[in-house]
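# Topology and contacts: notes
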Amino acid sequence: MADQKRTGIRGGVDWEDLRVFLALGRHGSLSAAARALTVNHATISRRIQALEDSLGEKLVDRRPDGYVLTAAGRRALAAASDMESAAQSLAREGGGGNGGDGAVRGLVRVNAPPALSQGFLIDRLARLAVLHPGLDVDLATDLRAVSLDRHQADIAVRLTRPRDGDFIAKPLGTMGFGFYGTPSVCEAAEAGAAPVFVGFDEENADMPDATWLAQRFPRARVAFRANNHMSQAIAARTGAGLAVLPHYIGRQVPGLRACALAPVRDPREMWLLIRGQDRKDRAIRTVADHLQQVFEEEKALFLP
């Protein structure tokens, strides 16, 4: 009884309740969690209530705009995530992480920005499926970073280094930028014509690249807006305007050339992140090592 009172556990915890709680904690809303688990809202609510009853603590606050974890909920989410990670590692090691034949097996989830995924990572990561037939890679593309803490991803590629958290951060190199457009658009801008731009949409106007353009060219017209650099490059290829692009995109998209305009956006650092507890997970380490290798081999593509 003393142990139960100290931990807040009144009875056995149902692992299915924990799985539902993890989904709610990661996705933040009843609807999103229900879609992820292919169940209905009532099931999510019932499972969360059952888990709260088992633990004897309130885990979530129900608000009009969604569910917010309480302090106890955040602790429970971290513990449940650790348990899930440990179970996944055991499955990889025992049920196939190494396998009797020494092959790497398992599912590894990678998160990266959309343009970096479309313009560089997809081709390089997909090769792992050939090199390691038992290794599955799930590449999610989001402008807004997803949480490694909440186990929404196993590996993240970021353009900023995290300031806290139990992460292992490995530098991947420097991403340089430049102005790119069709030859005729570049020639006009280089001759002194007022530049017209392709930029980020209004929903992403707070992104670092969008704010840089707005601050440096406050009076310039933005003729076309899209939510990532790859889409902006395609638009710039039509002659709609100049785009401020990472070099790895501008140099690869046919029909674009670099424009001699100033000022140029400062380079950004690229980082690979994994959770500290996953440093010995063979499947995650295999994908992380592969990413570091391809960035090193093709670093010239990113540099000014």
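For the structure itself, consult the block above.
Our subject in this report is the structure included herewith. Counting restarts for each chain: residues are numbered from 1 in the order of the written sequence. Confidence filtering applies because this is a predicted model: local features only for residues at pLDDT of at least 70, side-chain atom pairs given and counted only at 80 or more, and all residues used for totals across whole chains, interfaces and linings. Water and hydrogen atoms were dropped before computing side-chain values, which therefore reflect all heavy atoms in the structure.

### Brief notes about the pairing of strand β10 (residues 242–246)
Counting buried residues in β10 gives five out of five residues, a clear majority hidden from the surface. Burial of the side chains of β10 extends over both faces: L242, V244 and P246 are buried on one face and A243 and L245 on the other. Only strands that DSSP links by at least two bridges are regarded as paired with each other. Secondary structure follows DSSP: runs of H or I at least 4 residues long count as helices, runs of E at least 2 residues long count as strands, and numbering of each begins at the N terminus. Where strand β7 (residues 177–181) meets β10, four bridges bridge the pair, whose relative direction is antiparallel. Across the sheet, F177 pairs through a bridge with P246, a residue of β10. As judged from the two bridges shared by strand β8 (residues 196–200) and β10, these two strands associate in the parallel manner. Across the sheet, the residue bridging to F197 is L242, located in β10. Only protein chains enter the accessibility calculation, which uses a 1.4 Å probe; a residue is then buried when its area is under 20% of its type maximum, exposed when over 50%, and partly exposed in between.

### Points about the sheet that holds strand β6 (residues 167–175)
Taken together, the five strands give an open sheet; going across it, the order is β4-β3-β5-β12-β6, and neighbouring strands pair in mixed fashion. Among the strands making up the open sheet, the edge pair consists of β4 (135–141) and β6. For this sheet, the mean angle separating the axes of adjacent strands, direction not counted, is 20 degrees. In this structure, strand β3 (residues 106–112) lies alongside strand β5 (residues 155–158), joined through two bridges in parallel fashion. Among the inter-strand pairings, V110 is bridged to a residue of β5, identified as I155. Only heavy atoms matter for contacts: two residues are in contact if any of them lie within 4.5 Å across the pair. Lines fitted to the C-alpha atoms define the axes, with helices restricted to the stretch that makes contact. Angles between their N-to-C directions range from 0 to 180 degrees. Contacts from helix α6 (residues 114–131) reach β3, β4, β5 and β6, with the element oriented near 175 degrees to β4.

### Considerations on unusual backbone geometry
Geometrically, the link from A262 to P263 is a cis peptide bond, its omega value of 0 degrees lying close to zero. Assignment of secondary structure puts P263 in the loop between β11 (257–259) and β12 (268–275). Despite not being glycine, T38 shows a phi value in the positive range, around 55 degrees. Here T38 is to be found in the loop between α3 (30–37) and α4 (41–55). Residue class for T38 comes out exposed when judged on its relative accessible area of 69%.

### Observations concerning α6
Helices are assigned an expected span. That span is 1.5 Å times one less than the residue count. Look at α6: 24 Å from first C-alpha to last across 18 residues, which is about the 26 Å you get at 1.5 Å a residue. A residue's bend is given by the angle between axes fitted to the 7 residues ending at it and the 7 residues starting at it. A bend of about 65 degrees at L121 is the largest found in α6. Restricting attention to buried positions, one finds in α6 the residues P114, A115, L116, S117, G119, F120, L121, R124, L125 and L128.

### Re the packing of aromatic side chains
Two numbers describe a pair of aromatic rings. These are the distance of the centres and the angle of the planes. Between rings of Phe, Tyr and Trp, where Trp is taken as its six-membered ring, a pair exists when centres lie within 6.5 Å; planes separated by under 30 degrees are stacked, by over 60 edge-to-face, and by other angles tilted. Taken as a whole, this structure holds nine aromatic pairs when the rule is applied. Between F120 and F302 the ring centres are 5.0 Å apart and the planes differ by 80 degrees, which places this aromatic pair in the edge-to-face class. Of the two residues, F120 sits in helix α6 while F302 sits in the segment after α11 (282–297), which places them 182 residues apart along the sequence. The exposure classification of F120 matches that of F302, with both residues buried. Summarising the aromatic geometry, the rings of F179 and F217 are spaced 5.9 Å apart at their centres and angled 85 degrees between planes, so their arrangement reads as edge-to-face. Of this pair, F179 sits in strand β7 while F217 sits in the loop between α8 (208–216) and β9 (221–226), and the two are 38 residues apart along the sequence. An aromatic cluster is present here, built from F120, Y248, F295 and F302 joined pairwise through their rings.

### Brief notes about helix α2 (residues 15–27)
Taking 1.5 Å as the rise per residue, α2 with 13 residues should run 18 Å; its terminal C-alpha atoms sit 18 Å apart, in good agreement. Regarding α2, the residues found buried are D17, L18, V20, F21, L22, A23, L24, G25 and R26. Two N or O atoms count as a polar contact when they lie within 3.5 Å, although within protein this holds only if one can serve as hydrogen donor and the other as acceptor, and sequence-adjacent residues are included solely when both atoms are side-chain atoms. Its side-chain oxygen 2.7 Å from the backbone nitrogen of E16, D14 forms the N-cap of α2. G28 occupies a position one or two residues after α2 and carries a positive phi of about 80 degrees.

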